[in-house]
Amino acid sequence: MTFHNMQFGEKFVASSMGLLASYGLTLRVGYDFDQYESLLKTARPGHRICVPFDPELHGFSDGSAFWIVATDSKDTLVHTQALRLLNLTGISLAEHLQANFTDFPPPTIALDLERSNYKAGPGAQRMTGRMAYHGEFWIGGAPGQFRGSALSAALCRYGFWMALQHWDPDHMFSFMLNTVAHKGFASRTGWMHQDPAALQWYPRDGQPPIETVMSYLHRGDIEFLLDLPLAKPEVEHAKAA
């Protein structure tokens, strides 16, 4: 792996570390996805690692993926996210996904892949080059403890910053359920652009289809986000820490 300019985003890193400390959280970055899967089995027993990061399907010995976790003051895992690099030079993201969208299914659901489909939006059609995929984003803790706070933006943007340091990607993308994106999670965490109706997954059990949007960022968007000040932590969380 190659680390790029570590000075870029220094203010962001300092402020995000301060915010995390106010919630009593510690971050850890890793590259061994067998180890990551082991962490998940303990912290999220009902969750199965997503296909793009499954160590049984991918080696990642070339440094093309990493994970980030956060633990609280009791060393309990309360956050996960993972990123991997796709080199799509000479092909658009839309072309890649039209041929490979089944590589990005929702976890733990039996799917009818014959009926499921991908619809290329204008953003995906214009994107090419080094692409960072962002997934496995989860925040745990007690209801109201971490979720819905300034913490989600800091954690997500830390992943953006780390992707810049590792790979200097041209773009980043992620898939979000409509129910999540439409509640404001995408904009709250910093995803500035969306292609709606990107993926439609049909469960085998006949339940209604699962619809997602594709959120994405250009490199300049990431730099812009990292230059913005983070929101201050809520008073009750700051006092509790």
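Above this text is the structure in question.
Computed from a prediction, not measured in an experiment: that's the story for all the values here.

Caption draft 1: Structural context of the pattern of salt bridges. All chains considered together, the criterion is met by two salt bridges. Of the charged contacts, one joins Asp168 and Arg219 as a salt bridge, the two residues approaching to 2.4 Å between their closest N and O atoms. Here Arg219 lies in helix α8 (residues 219–226) and Asp168 lies in the loop between α5 (150–167) and β6 (171–177), a separation of 51 residues in the sequence. With a relative accessible area of 26%, Asp168 lands in the partly exposed category. Of the charged contacts in the structure, one is a salt bridge between Glu223 and Arg219, with a shortest N-O distance of 1.8 Å. On the criterion of helical spacing, the pair formed by Glu223 and Arg219 is a turn pair, its members being four residues apart in helix α8. Glu223 gets classed as partly exposed once you look at its relative accessible area, which sits at 30%. One salt-bridge network, held together by shared partners, links Asp168, Arg219 and Glu223.

Caption draft 2: Region of the structure containing the nonpolar core. In terms of nonpolar packing, the biggest core is built from 38 residues, with Phe160, Met172 and Trp191 touching the most fellow members. It is α5 that contributes the most residues to this core, 12 residues altogether. Non-local contacts of Trp191, meaning those with residues more than four positions away in its chain, are made with His134, Cys156, Phe160, Met172, Phe173, Ser174, Met176, Ala186, Ser215, Tyr216 and Leu217.

Caption draft 3: Region of interest: the side chain of Thr212. Structurally, the position occupied by Thr212 is in strand β8 (residues 210–218). For Thr212, the residues in contact, after removing those within four places along its chain, are Phe175, Met176, Leu177, Asn178, Ala197, Ala198, Leu199 and Trp201.

Caption draft 4: A look at the sheet that holds strand β2 (residues 65–71). With respect to topology, eight strands assemble into an open sheet ordered β1-β2-β3-β5-β6-β8-β7-β4, the strand pairing being mixed. Either end of the sheet is taken by a strand with one partner, and the two such strands are β1 (26–30) and β4 (117–118). Bridge analysis of β2 against strand β3 (residues 77–92) gives seven bridges, and the strand direction is antiparallel. Bridge pairing in β3 links Phe66 to Leu83. Of the strands in this sheet, β3, β4, β5 (128–139), β6 and β8 touch helix α3 (residues 93–100), which is tilted by about 110° from β3.

Caption draft 5: Layout of the environment of Val51. With respect to the helices, strands and loops of the structure, Val51 is situated in the loop between α2 (33–43) and β2. Under the relative-accessibility criterion, Val51 is labelled partly exposed at 27%. It is 22 Å that separates the C-alpha atoms of Val51 and Gly206, two residues lying 155 residues apart in sequence. With residues near it in sequence (within four places) discarded, Val51 still touches Leu57, His58, Asp103 and Pro105.

Caption draft 6: Geometry of the pairing of strand β7 (residues 193–201). Of the pairings in the sheet, the one linking β4 to β7 comprises two bridges and is antiparallel in character. Pairing of Tyr118 across the sheet is with Leu199, part of β7. Of the pairings in the sheet, the one linking β7 to β8 comprises six bridges and is antiparallel in character. Directly across from Trp201, in β8, lies its bridge partner Ile210.

Rules used throughout
Residues numbered from 1 in each chain as written. Predicted model: local features only at pLDDT ≥ 70, side-chain atom pairs only at ≥ 80, totals over all residues. Heavy atoms only, no water. Salt bridge = Lys/Arg side-chain N within 4 Å of Asp/Glu carboxyl O. Helix = DSSP H or I, 4+ residues; strand = E, 2+ residues; numbered from the N terminus. Buried < 20%, exposed > 50% of the residue type's maximum accessible area, 1.4 Å probe, protein only. Core = buried A, V, L, I, M, F, W, Y, C linked by side-chain atoms within 4.5 Å. Contact = heavy atoms within 4.5 Å. Pairing = 2+ DSSP bridges. Axes fitted to C-alpha atoms, helices over the stretch in contact; angles between N-to-C directions.

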